[in-house]
Amino acid sequence: MVGSYHAQEAFPYDENILKNFEGPYDSVFEYGCGPGRNLLRLSRRFTLVAGTDISKGNINNARKFLDLNGVKNHRLFVTTGDGIPDDGQQYNLVFEVICFQHICSYNIRRKILADMVRICRPGGRVVLQMGFNDKTLPRSNHAHTPQGVIELRRFFSEGMLN
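Rules and cut-offs
- Residues numbered from 1 in each chain as written.
- Predicted model: local features only at pLDDT ≥ 70, side-chain atom pairs only at ≥ 80, totals over all residues.
- Heavy atoms only, no water.
- Helix = DSSP H or I, 4+ residues; strand = E, 2+ residues; numbered from the N terminus.
- Buried < 20%, exposed > 50% of the residue type's maximum accessible area, 1.4 Å probe, protein only.
- Expected span 1.5 Å × (residues − 1).
- Arc of directions from axis to C-beta.
- Pairing = 2+ DSSP bridges.

1. Considerations on the environment of Leu66
- Looking at the element boundaries, Leu66 is found in helix α4 (residues 56–68).
- For Leu66, a relative accessible area of 0% gives the class buried.
- For Leu66 and Ser43, which are 23 residues apart along the polypeptide, the C-alpha to C-alpha distance reads 9.0 Å.

2. Notes on helix α5 (residues 106–119)
- The terminal C-alpha atoms of α5, which comprises 14 residues, lie 20 Å apart, in line with the 20 Å expected from a rise of 1.5 Å per residue.
- Taken as a whole, α5 has its buried residues at Ile112, Leu113, Asp115, Met116 and Ile119. Buried residues along α5 cover an arc of 160 degrees about the axis, so they all sit on one side.

3. Topic: the pairing of strand β5 (residues 120–129)
- As paired elements, strand β4 (residues 91–97) and β5 share 6 bridges and run parallel to each other. The partner of Val97 across the bridge, within β5, is Gln129.

Structure, rendered in structure tokens:
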């Protein structure tokens, strides 16, 4: 799918992002929003869409793309790539789609993840969608089991991001 615009457009990223998300649907934030394709899809459900990207060109293109498609309530920010700018806003849903796999530094991923948690409203959701295929999945699919979910919750609740 990488390199295929049409395949990426047809892939139901929004359905995966919203799986088991019961709202409220007032605000959503995407880390690594690129030209805004996911934000456009989610603008049909959320009142405010926001995102950040390391590329100023991508942010400019996302603004134009969202404006051309009639999305009025959007906030877009350029990031240095090592965190999320603090604009004082909190979001019901904070997500990234196949962005973390391009960030090689553990410390930077940890900082971005901590920032994603910081800007997520209490009771909201942080969603990480990593690229994979079934040929590269480990035999122990721990992250997708209830135990994997419990471990991730423990990671957040015990302050392991600090």
